[in-house]
Amino acid sequence: MGLTSFLAIVVSLAVVQSAVIPNREGLEPCQVEYSQLVGNLVASEGTGAVSTLWRLVFNKLDLNGDSKVGAAELVINLETANILARSDTEAAYSSVRDLIRVGSNHESKDLDESEFKDTVGATLGRSSSSIEPPYTYLCEYVTMEAREIITSFQNFTRNAVNIKEDLRDLLQESKSPEQALKNIWEGIFKSIDVDGDEEVSLQDITHLHHQYINQNDDGLKVELTAIFQVSSKNDKSSEELSMTTEEFYSNIKSLLYDTDNFIDEIATITQLKGWSSLSQILASSIGDFKSKYQQSLECKHDYEDELIKYLAADKSFSSEYLFTIFDSKKDGVLDYSEISHAVTSTMQLETEFSFSIVAQHQINSFNVDEFSFYLPDRVVDTVTTSNESKLELSRLSTNQQETWNIFCHSVKSIISQFPLNLVVKAEEGDEDVVDISQSIDVIINSSEEDLVVLPDITRLYQKVKEIMDKQEKETTTAAAEDVPTTETIEQEEEEETTPPPTVETTTPLLTTMEMIEDEETTTIEQQAVSEEETTQQQLDTTETSTVVADVITTVGDVIMSTTREEEVESELADLVKSIISDMKEGKEVPASEEEEAEADAEKIAQVDEKEGGEIERELQQLFKMEKTKTNKVKNVGVEEKELMALLNADMQ
């Protein structure tokens with residue numbers, strides 16, 4: 001309603017001397033609903049929420065913002081809400097004006113917030129027969145607004161609780177919760193900053209609302225504009241309203257851990273609804289971030305298990321092996337198209353995979369070390385002082401988490417096919433053809449330890465042996481047909497009764513089969529040398545990865561002025577401290593329980609020491625008895641052979 005229309009109504013109402021306002025039916029149901037709403041509000045939010053309810057209703061009625069409500073403002077609000085018919089406004093004005101004079105402590109023409117609450121609020125609890133007509137209309141108005149206020153209140157509280165629970169879940173297994181929280185909030189901020197301009201804008205939140213809530217944003221822009229106007233210090237237009245990083249962290253801290261004061265700062269129902277909508281969007285975004293982050297960690301752990309299963313002691317070879325598979329051009333470097341092609345085909349994706357979402361655009365090609373930086377066994381959840389050059393999953397945005405997870409599953413799938421199911425492809429026109437020679441080279445060059453754990457090694461051996469026997473037989477038959485002499489026939493008969501000679505080509509495979517039955521075991525000295533070499537390779541990789549880490553785009557990497565860096569760090573640090581403090585509440589253990597636990601632990605340790613000695617003697621006796629049988633075990637894996645060697649060495 002424009003100012004001109006408002007003044008016109010006020011003038012027309014002011015000339016009314018006397019009129020009769022029509023009575024309103026249904027007052028008693030209105031009183032019952034109001035009582036139920038207030039009761040639910042007190043039960044969920046506390047008695048203080050009732051005062052907030054009346055404050056917000058009063059502020060909405062106060063059209064001119066002078067902290068007072070007059071008869072004209074009340075009538076206009078009733079008519080705007082379609083509670084009072086336009087034809088009844090003049091009569092209503094007269095009745096409301098009389099009501100205000102009675103309720104005002106100074107018999108003025110207006111009511112302040114306290115007078116309004118006392119006059120209207122107290123009257124709603126009276127018997128309906130003693131209430132004058134104006135209160136009937138006001139009851140409907142207050143009840144209508146109370147529905148929206150209470151719904152927004154409860155949504156706001158529920159979303160805050162969900163966000164806190166998700167943060168606790170994310171930190172359950174973290175060894176460095178404070179650093180993890182900083183990373184997680186940076187990842188969350190990047191997830192919410194959809195356009196990547198380092199600010200949370202009105203457009204960003206609207207986009208997330210469409211993604212997580214629904215496509216219907218009726219009234220959403222007005223609500224969000226109301227909170228951005230009071231939460232941001234910039235003077236941008238409503239279309240460009242946004243929060244900086246420090247403003248975002250400050251508001252989140254207040255919303256989650258200073259809720260009472262935060263709500264006291266909310267001035268209007270529109271602002272409350274805006275914060276309710278924003279908290280729901282935040283809760284959905286953080287819940288999605290949590291889900292994607294946990295999926296990434298799970299894939300990382302699964303990949304590491306696959307390395308041990310298929311590559312065992314040679315798992316450091318995995319990066320070179322994967323690089324070779326991805327390098328379809330065989331030029332010693334990887335570009336985004338090669339990574340995209342490998343992942344898309346391995347995972348059978350319907351759309352083209354884009355690795356640049358994770359690596360950003362600072363790198364156009366990758367060597368082995370740069371590619372290895374993103375492999376699951378090299379990344380970490382949160383850095384420590386010993387691995388600061390690692391890629392941290394907790395700092396990736398939701399979109400980056402999802403993309404890296406697809407990449408993780410693709411390399412895990414490739415590792416699980418090593419080496420018998422390996423298919424080396426060479427581009428030939430528009431079709432992919434299998435390059436058998438390169439695939440065979442991979443198998444031949446594999447170590448015996450790698451091949452011995454493969455269940456299909458026997459099948460491969462039998463297949464090759466059948467082929468070689470068949471070729472030998474065909475060669476002998478062809479020679480006999482060319483020279484049909486008696487000497488040749490006798491030679492063929494002799495060869496038929498003699499097993500075919502071992503072909504030199506199959507020597508590596510025969511050696512592998514013999515190794516399965518080999519009586520020798522890996523010594524501790526060989527294992528130590530292998531571990532030392534692996535450790536040195538990891539150190540070399542870490543040094544190289546330091547250069548790669550510099551190109552990862554994170555919120556912390558953005559170049560900001562010294563002042564802004566300090567502000568962001570301060571707001572984020574305050575938020576982290578609040579979360580840590582909140583998680584520690586109610587978890588203190590009494591001194592008596594600590595002493596009792598220590599005593600129990602000491603007793604258990606003594607028992608364990610005694611029983612441990614007995615068990616050790618029994619095991620030694622057992623292995624002495626079984627020692628002669630150990631070398632007769634066949635088809636044992638690498639881990640079993642190493643365990644036997646270790647036990648035998650201990651008994652010597």
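Above: the structure in question.
Quick caveat, the model's predicted, so the values are computed rather than measured.

Take the overall build of the protein chain next. Counting its secondary structure elements, the protein chain contains 27 helices and 8 strands. By the burial criterion, 40% of the 652 residues in the protein chain qualify as buried. Relative to all contacts within the protein chain whose residues are 6 or more apart in sequence, the contacts with residues 24 or more apart total 71%. When the accessible area of the protein chain is evaluated, it comes to approximately 36300 Å², of which 48% is carbon and sulfur surface.

In this section: helix α8 (residues 177-192). For α8, built from 16 residues, the straight-helix expectation of 22 Å at 1.5 Å per residue is met to within 8% by its first-to-last C-alpha distance of 22 Å. Most of α8 is tucked away, with 12 of its 16 residues classed as buried. Within α8, burial applies to Ala180, Leu181, Asn183, Ile184, Trp185, Glu186, Gly187, Ile188, Phe189, Lys190, Ser191 and Ile192.

It is worth spelling out the environment of Ala146 at this point. Mapping Ala146 onto the fold places it in helix α7 (residues 133-170). You can call Ala146 buried: its relative accessible area is 0%. C-alpha of Ala146 to C-alpha of Leu37: the two residues are 109 residues apart in sequence and 7.3 Å apart in space. In this structure, Ala146 is in contact with Leu37 and Leu53, ignoring residues within four places of it in sequence.

This part takes up the pattern of salt bridges. The full count for this structure, using the stated rule, is 13 salt bridges. We note a salt bridge from Arg147 to Glu33, for which the minimum N-O separation is 2.6 Å. Pair noted here: Arg147 is in helix α7 and Glu33 is in helix α2 (residues 27-45), with a separation of 114 residues, a long-range link. Residue Arg147 is classed as partly exposed on the basis of its relative accessible area, which comes to 38%.

Moving on, we come to a negative patch on the surface. Negative charge collects at one region of the surface, where Asp258, Asp260, Asp264 and Glu265 lie side by side. Relative to the helices and strands, Asp264 resides in helix α12 (residues 259-264). Asp264 gets classed as partly exposed once you look at its relative accessible area, which sits at 48%.

Before going further, it helps to examine the packing of helix α9 (residues 202-212) against helix α13 (residues 269-310). Packed helices, taken two at a time, are described by the angle between their axes plus the distance between the axes. For the pair α9 and α13, interaxial distance at closest approach is 10 Å and the crossing angle is 65°. By the angle between their axes, α9 is roughly perpendicular relative to α13. In the crossing of α9 with α13, the sense of the turn from one axis to the other is left-handed. Only Leu278, Ile281, Ser284, Ser285 and Asp288 of α13 make contact with α9, whose side of the interface consists of Ile205, Leu208, His209, Gln211 and Tyr212. When grouped by side-chain class, the residues that make up the contact of α9 with α13 number 5 nonpolar, 4 polar and 1 charged.

The next point concerns the packing of aromatic side chains. For the coordinates displayed, the defined rule picks out 22 aromatic pairs. Each ring, one from Phe58 and one from Phe116, has its centre 5.8 Å from the other, and the planes form 55°; the classification is tilted. One end of the pair, Phe58, is in helix α3 (residues 48-61); the other, Phe116, is in helix α6 (residues 113-123), with 58 residues separating them in the sequence. For the pair formed by Phe58 and Phe116, the shared burial category is buried. Here Phe189 and Tyr249 contribute two aromatic rings whose centre-to-centre distance is 6.1 Å and whose plane-to-plane angle is 50°, an arrangement assigned as tilted. Within this pair, whereas Phe189 is found in helix α8, its partner Tyr249 is found in helix α11 (residues 245-257), the two being separated by 60 residues in sequence.

A word on the state of the cysteines. Inspection of the entire model under this criterion finds 2 disulfides. Each sulfur in the disulfide pair Cys299 and Cys408 lies 2.0 Å from the other. Measuring the twist about the S-S bond at about -105°, one finds the Cys299-Cys408 disulfide to be left-handed. Pair noted here: Cys299 is in helix α13 and Cys408 is in helix α18 (residues 398-415), with a separation of 109 residues, a long-range link.

With that out of the way, let us pick up the nonpolar core. Trp185, Phe326, Phe355, Phe366, Phe371, Tyr374 and Phe407 are the most contacted members of the largest nonpolar core, which has 124 residues in total. Not counting the four nearest positions on each side in its chain, Phe326 is found in contact with Leu334, Glu338, Ile339, Ala342, Val343, Phe371, Phe407, Ser410, Val411 and Ile414.

A word on the packing of α9 against helix α10 (residues 220-231). Here α9 crosses α10 at 140°, and the two axes come no closer than 11 Å. Accordingly, the angle class assigned to the pair α9 and α10 is oblique. Read as a crossing pair, α9 and α10 show a hand that is right-handed. Across the interface between the two elements, Leu202, Ile205, Thr206 and His209 from α9 touch Leu220, Lys221, Leu224, Thr225 and Phe228 from α10. Class assignment for the residues of the contact of α9 with α10 results in 5 nonpolar, 3 polar and 1 charged.

Rules used in this analysis
- Residues numbered from 1 in each chain as written.
- Predicted model: local features only at pLDDT ≥ 70, side-chain atom pairs only at ≥ 80, totals over all residues.
- Heavy atoms only, no water.
- Helix = DSSP H or I, 4+ residues; strand = E, 2+ residues; numbered from the N terminus.
- Buried < 20%, exposed > 50% of the residue type's maximum accessible area, 1.4 Å probe, protein only.
- Contact = heavy atoms within 4.5 Å.
- Areas by Shrake-Rupley, 256 points an atom, 1.4 Å probe, with all protein chains shown as cover.
- Expected span 1.5 Å × (residues − 1).
- Salt bridge = Lys/Arg side-chain N within 4 Å of Asp/Glu carboxyl O.
- Patch = residues over 30% accessible without salt bridge, like charges linked within 9 Å, V, L, I, M, F, W, Y side chains within 5 Å.
- Lys, Arg positive; Asp, Glu negative; His and termini not counted.
- Charge placed at Lys NZ, Arg CZ, Asp CG, Glu CD.
- Axes fitted to C-alpha atoms, helices over the stretch in contact; angles between N-to-C directions.
- Parallel < 35°, antiparallel > 145°, perpendicular 65-115°, else oblique.
- Left-handed = near helix turned anticlockwise from the far one by under 90°.
- Nonpolar A, V, L, I, M, F, W, Y, C, P; charged D, E, K, R; others polar.
- Phe/Tyr/Trp six-rings, centres within 6.5 Å; stacked < 30°, edge-to-face > 60°.
- Disulfide = S-S within 2.5 Å.
- Core = buried A, V, L, I, M, F, W, Y, C linked by side-chain atoms within 4.5 Å.

Nothing here speaks to function; it is all geometry.
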